[in-house]
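Descriptive analysis of the structure
Here are the chains, one letter per residue:
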Amino acid sequence: MSFQNPVFIPGPTNMPESVRKACDMPTLDHRSPAFARLFKPAVAGVRRVLKMQAGEVIILPSTGTGGWEAAITNTLSPGDTVLAARFGMFSHRWIDMCQRHGLEVQILETPWGQGAPLAAIEAALKADKAGKIKAVLATHNETATGVKSDIAGIRRAMDAAGHGAMLFVDGVSSIASMPFDMAGWGVDIAVAGSQKGFMLPAGLAILGVSPKAIAAMETARLPRTFFDFKDMLAAYGRGGYPYTPAVGLIAGLAHAIELLEDEGLEAVYARHHRLAEGVRRAVFAWGMAPFAASADLYSDTVTAVKVPEGCDGTALVQLAASKYGVAFGVGLGEVAGKVFRIGHLGMLTDVMVLSGLAAAEMCMADLGWKVSLGSGVAAAQEYFRGTAGAMALAAE
Ligand SMILES: *Cc1c(COP(=O)(O)O)cnc(C)c1O
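Predicted, not measured: the structure shown is a model, and the values here were computed from it. (Residues numbered from 1 in each chain as written. Predicted model: local features only at pLDDT ≥ 70, side-chain atom pairs only at ≥ 80, totals over all residues. Heavy atoms only, no water.)

**Digging into the overall build of the protein**
Of regular secondary structure, the protein possesses 13 helices and 13 strands. Computed over the C-alpha atoms, the radius of gyration of the protein is 21 Å, within 12% of the 21 Å expected from 2.2 N^0.38 for a compact globule of 396 residues. Seen through its C-alpha atoms, the protein measures out along the principal axes to roughly 60 × 55 × 40 Å. Sequence-distant contacts, at least 24 apart, represent 72% of the contacts inside the protein between residues at least 6 apart. For the protein, the accessible surface area stands at approximately 15700 Å², while carbon and sulfur atoms represent 56% of it. Of the charged side chains in the protein, 34 are positive and 36 negative; the average position of the first set lies 2 Å away from that of the second. (Helix = DSSP H or I, 4+ residues; strand = E, 2+ residues; numbered from the N terminus. Rg over C-alpha atoms; globule rule 2.2 N^0.38 Å. Contact = heavy atoms within 4.5 Å. Areas by Shrake-Rupley, 256 points an atom, 1.4 Å probe, with all protein chains shown as cover. Lys, Arg positive; Asp, Glu negative; His and termini not counted. Charge placed at Lys NZ, Arg CZ, Asp CG, Glu CD.)

Here you go:
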């Protein structure tokens, strides 16, 4: 595998050189004021990226999956009911985790390719007269299918039902790449990871926690030690951690947020939208389509490309890796083989995206798929040419 080529998987993402350097630092005593000086800007930066008003940021040495576990174990008790829609591998895995923890999961089965079903969520909450549902779980960006869900719409559904459940959002593949508004959407716990929009190595679970979720800790009886928010918040008060923090990653996080804010968060979101749109133009020019059921569901961080009948998406991913040293994502679960995924988030430009599209086309030709070389690349080129000036002006 070439380490020169960018990766086109939806995480871990390509890392800016300066972020890698920011992570590389000498050993530092994490109980010293030097650590607190490094930690505070990272926490403050996360608050801005998540658009938090109240509540706390928790940064755990873990990954997004650990962030899910921290969210549920700190706020819920065995036997509690949560409401979750299942429409892809990641929403499925969060549901599975809840069940393994002894939670009752009221599952809204939703076809893969669709997003969170707002009307069904509202109906389920309205029907819950006894208030058994303690939390609604939502996967903001379903990385397996390239589908974005309407979190503001879920909040509206919850309000319309007059239901007091908490709202937990998996934003692992959306936060820092697509608009996110924790305060505006009334999110109680937002979960992110370091290795996607934040452009860092894997190793941090990054959470925003609302005052309501903090209050829920008082009565939550699911077992927790390593992920206990109470221990974390008590240690934060002393400028530190209850155990050894991932110091280098935290330094890298503060720097990555600086990069994102130098570009401007709105500009970062616009860049992701433009890159995603270029990829989608290429996909349509190939005579294929995104797996997401409709345009309003298209993710700006990952496109799951539906491959033609008789073609195998996994074969393309394997060939791209072995022959050209380029990484794409395979289809997961029930879409294995039926799609391949192009990640377009993190440190990425239009020119980098074109190289990925060109590599995908070479693989299609090698595999005998009926796609002419350059067709998708040309469609993306036209779109990028037509929108480059506007981007450059916006960046000035
Ligand atoms: C990547 C991802 C996860 C899992 O995160 P890890 O950091 O691999 O544990 C969870 N949810 C979504 C939506 C993801 O994209």
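**Some points on the site of the ligand**
Neighbouring residues of the ligand: Thr63, Gly64, Thr65, Trp68, Phe90, Asn141, Thr143, Asp170, Val172, Ser173, Gln195 and Lys196. A distance of 2.5 Å is found between an oxygen atom of the ligand and a side-chain nitrogen or oxygen belonging to Thr143. Between the ligand and Asp170, the relevant distance is 2.6 Å, taken from a nitrogen atom to a side-chain nitrogen or oxygen of the residue. The fraction of the free accessible surface of the ligand (380 Å²) that becomes covered by protein chains is 89%. (Near = heavy atom within 4 Å. Polar contact = N/O pair within 3.5 Å; in protein donor to acceptor, adjacent residues only side chain to side chain.)

**Quick notes on the sheet that holds strand β10 (residues 289–290)**
Pairing is antiparallel across the open sheet formed by four strands, whose spatial order is β10-β11-β13-β12. One side of each edge strand has no neighbouring strand; the edge strands of this open sheet are β10 and β12 (329–330). (Pairing = 2+ DSSP bridges.)

**Comments concerning the domain arrangement of the protein**
Splitting the protein by domain gives domain 1 (17–261) and domain 2 (264–395). In this assembly, 27 residues from domain 1 lie in contact with 25 residues from domain 2. The contact between domain 1 and domain 2 buries some 2100 Å² in all, and 63% of this surface belongs to carbon and sulfur atoms. The largest share of the area that domain 1 buries against domain 2 comes from Trp112, Lys148 and Ser177, three residues that together contribute 25% of it. Across the contact surface, domain 1 and domain 2 share zero salt bridges. Counting every contact that joins domain 1 to domain 2 gives nine residue pairs in polar contact (both at pLDDT 80 or more). Elements with a minimum of two residues in the side of domain 1 that touches domain 2: α2 (33–50), α4 (89–100), β6 (147–148) and α9 (247–263). Its residues assigned to classes, the side of domain 1 that touches domain 2 comprises 12 nonpolar, 10 polar and five charged. (Domains from an automatic or database assignment. Buried area = accessible area lost by both parts, 1.4 Å probe. Salt bridge = Lys/Arg side-chain N within 4 Å of Asp/Glu carboxyl O. Nonpolar A, V, L, I, M, F, W, Y, C, P; charged D, E, K, R; others polar.)

**Let's talk about α2**
Taking 1.5 Å of rise per residue, 18 residues should cover 26 Å, and α2 covers 26 Å from first to last C-alpha, within 8% of that figure. At its buried positions, α2 is contacted by β1 (56–61), β8 (189–193), β9 (204–209), α8 (229–237), α9 and α10 (265–285). (Expected span 1.5 Å × (residues − 1).)

**Overview of the confidence of the model for the protein**
Predicted confidence across the protein gives a mean pLDDT of 96, with 97% of residues reaching 70 or more. Confidence scores differ between elements of the protein, with helix α13 (residues 375–395) showing the lowest mean pLDDT of 83 and strand β7 (residues 166–170) the highest of 99. (pLDDT = per-residue confidence, 0-100.)

**Notes on helix α11 (residues 313–324)**
Every α-helix winds through 3.6 residues per turn, so residues three or four apart in the chain are directed the same way. Over its 12 residues, α11 runs 16 Å from end to end, which matches the ideal 16 Å to within 8%, given 1.5 Å per residue. When α11 is considered as a whole, its buried residues turn out to be Gly313, Thr314, Leu316, Val317, Leu319 and Ala320. Its buried side turned inward, α11 meets β12, β13 (339–343) and α12 (350–366). Its side-chain oxygen 3.0 Å from the backbone nitrogen of Thr314, Asp312 forms the N-cap of α11. (Buried < 20%, exposed > 50% of the residue type's maximum accessible area, 1.4 Å probe, protein only.)

**Observations regarding the pattern of salt bridges**
Under the criterion given, the structure shown has 16 salt bridges. Ionic pairing is found between Glu218 and Lys230, a salt bridge with its closest N-O pair at 3.2 Å. Pair noted here: Glu218 is in the loop between α7 (211–216) and α8 and Lys230 is in helix α8, with a separation of 12 residues, a long-range link. Since its relative accessible area comes to 37%, Lys230 is described here as partly exposed. Through salt bridges with shared partners, a single network forms among Glu277, Arg280, Arg281 and Asp300.

**Focus: the pairing of strand β2 (residues 81–86)**
Counting buried positions along β2 yields six of six residues, so the element is predominantly enclosed. Alternating positions in β2 separate into two faces, Thr81, Leu83 and Ala85 on one and Val82, Ala84 and Arg86 on the other, with burial throughout. Taken together, the six bridges between β2 and strand β3 (residues 104–109) define a ladder with parallel strand orientation. Paired with Ala85 across the strands is Leu108, a residue of β3. Following the backbone out of β2, through α4 and into the adjacent parallel β3, one traces a crossover that is right-handed. The sheet contact formed by β2 and strand β4 (residues 133–139) spans four bridges and is parallel. Counted as the bridge partner of Leu83 is Val136 from β4. (Right-handed = clockwise from strand over helix to strand, strands pointing away.)

**Remarks on the packing of helix α3 (residues 64–73) against α4**
Between α3 and α4, the least distance of the axes is 10 Å, while the angle of their chain directions is 45°. Regarding the angle of α3 to α4, the classification is oblique. Read as a crossing pair, α3 and α4 show a hand that is right-handed. Here Thr65, Trp68, Glu69 and Ile72 of α3 come into contact with α4, specifically with Phe90, Arg93, Trp94, Met97 and Cys98. Per-class residue counts for the contact of α3 with α4 are six nonpolar, one polar and two charged. (Axes fitted to C-alpha atoms, helices over the stretch in contact; angles between N-to-C directions. Parallel < 35°, antiparallel > 145°, perpendicular 65-115°, else oblique. Left-handed = near helix turned anticlockwise from the far one by under 90°.)

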